[in-house]
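Below, each chain spelled out in residue letters.
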Amino acid sequence: MRSLTVADGRVLFVPDYNGNATEIIALDATTGDVAWTHDAEASLSRDATVADGTVYVGGRTDPETDLGEAVVVAVDVVSGDREWSYTFGSWNFDEYGPCANTPVIADGKVFTATYPSGSTIDHQYVQNADLFVLGSGDVPDDGGDDGSDDSDDGGDDGADDGDDSNSGPDDDGSDGNEDDC
């Protein structure tokens, strides 16, 4: 089991069944009864974040393989209904795909980093990690698009890539492999 989060009378957690977490569970904080279970249809990474009545979890779209696209899923804390999901596209690696890390919510924006989940080569975490910021003006998708604007009109693609030149391993100095989806 990942960490517990309490919000709006719910105890929220992402159960980890032998390294494969695919659902978010909410318990009634008073009775301990299951209030709802949400199948994210994704391999979920790390912990859930809660802000303004929504629980956010990052992961990868394909829970059956190490491939797929990085994704953030947003679920209503009270009902367990999916509010939206946002995919960040796939990579050209043959062995593993990107994963979205635990989202951070600040100033009405969702911040997350993607990383090459499954890689055993440390430098790939530095070279391939990206920071994304989803803001209130962004239109989340329903999983069918990578969120990019394929036209060449110079418009905003809905996700801001951060400068990953200073990206590195986890703050604790580890290579991050223990956080794989």
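Since this is a predicted model, take the numbers as computed values, not measurements.

### A closer look at the overall build of the protein
Here is step 1 of the chain: Regarding its fold elements, the protein presents one helix and 14 strands.
Here is step 2 of the chain: Buried positions account for 42% of the 181 residues belonging to the protein.
Here is step 3 of the chain: Of the contacts formed within the protein by residues at least 6 apart in sequence, a portion of 45% connects residues at least 24 apart.

### Side note on the nonpolar core
Here is step 1 of the chain: L12, V14, I24, W36, L44, V55 and V57 are the most contacted members of the largest nonpolar core, which has 17 residues in total.
Here is step 2 of the chain: At the level of elements, β3 (23-28), β7 (54-60) and β8 (70-76) are the ones that each hand at least two residues to this core.
Here is step 3 of the chain: For this core, the element with the most residues is β8, which contributes three residues.
Here is step 4 of the chain: Among all residues touching L12, those that are not within four sequence positions of it are S3, L4, T5, A7, I25, A26, W36, V50, V55 and V77.
Here is step 5 of the chain: Judged by nonpolar contacts, the second largest core, of 12 residues, contains A51, Y86, F88 and A100.

### A few points about the packing of aromatic side chains
Here is step 1 of the chain: Tallied over the entire structure, the rule returns three aromatic pairs.
Here is step 2 of the chain: Judged by centre distance (5.2 Å) and plane angle (55°), the rings of Y86 and F88 are tilted. The pair formed by Y86 and F88 is uniform in burial state, with each residue classed as buried.
Here is step 3 of the chain: Between F88 and F132 the ring centres are 4.5 Å apart and the planes differ by 40°, which places this aromatic pair in the tilted class. Of this pair, F88 sits in the loop between β9 (82-87) and β10 (98-100) while F132 is found in strand β13 (residues 130-134), placing the two residues 44 residues apart along the sequence. Summarising the burial analysis for this pair, F88 and F132 share the class buried.
Here is step 4 of the chain: Through a chain of ring-to-ring contacts, the aromatic side chains of Y86, F88 and F132 assemble into a single cluster.

### A few points about the confidence of the model for the protein
Here is step 1 of the chain: Across the protein, pLDDT averages 75, with 67% of residues at or above 70.
Here is step 2 of the chain: At the low end of the mean pLDDT range in the protein sits strand β14 (residues 160-161), at 45; at the high end sits strand β4 (residues 34-39), at 96.
Here is step 3 of the chain: Below pLDDT 50 for its whole length, residues 143-179 participates in 58 contacts with residues either more than four positions away or in separate chains.

### Things to note about the environment of T102
Here is step 1 of the chain: Mapped onto the secondary structure, T102 falls in the loop between β10 and β11 (104-106).
Here is step 2 of the chain: Among residues more than four places away in sequence, those in contact with T102 are S45, R46, D47, T49, F111 and T112.
Here is step 3 of the chain: A distance of 3.3 Å separates the side chain of T102 from the backbone nitrogen of D47, its partner in a polar contact.

### Points about the pairing of strand β2 (residues 10-13)
Here is step 1 of the chain: Of the two faces of β2, the one holding R10 and L12 and the one holding V11 and F13 are both buried throughout.
Here is step 2 of the chain: Linking strand β1 (residues 5-7) to β2, which pair antiparallel, is a turn of two residues; within it D8 sits at a positive phi near 50°.
Here is step 3 of the chain: Two elements, β2 and β3, share four bridges in a ladder whose sense is antiparallel. By the bridge assignment, V11 is partnered in β3 with L27.

### Some words on the sheet that holds β3
Here is step 1 of the chain: Taken in spatial order, the four strands of this open sheet run β1-β2-β3-β4, and their pairing is antiparallel. The two strands at the open ends of the sheet, each matched to only one other strand, are β1 and β4. Here the average twist between neighbouring strands, direction ignored, is 20°.

### Let's talk about the environment of G108
Here is step 1 of the chain: Position of G108 relative to the elements: it lies in the loop between β11 and β12 (109-116).
Here is step 2 of the chain: For G108, a relative accessible area of 55% gives the class exposed.
Here is step 3 of the chain: Between the C-alpha atoms of G108 and G135, which are 27 residues apart in sequence, the distance is 6.6 Å.

Conventions and cut-offs
- Residues numbered from 1 in each chain as written.
- Predicted model: local features only at pLDDT ≥ 70, side-chain atom pairs only at ≥ 80, totals over all residues.
- Heavy atoms only, no water.
- Helix = DSSP H or I, 4+ residues; strand = E, 2+ residues; numbered from the N terminus.
- Buried < 20%, exposed > 50% of the residue type's maximum accessible area, 1.4 Å probe, protein only.
- Contact = heavy atoms within 4.5 Å.
- Core = buried A, V, L, I, M, F, W, Y, C linked by side-chain atoms within 4.5 Å.
- Phe/Tyr/Trp six-rings, centres within 6.5 Å; stacked < 30°, edge-to-face > 60°.
- pLDDT = per-residue confidence, 0-100.
- Polar contact = N/O pair within 3.5 Å; in protein donor to acceptor, adjacent residues only side chain to side chain.
- Pairing = 2+ DSSP bridges.
- Axes fitted to C-alpha atoms, helices over the stretch in contact; angles between N-to-C directions.

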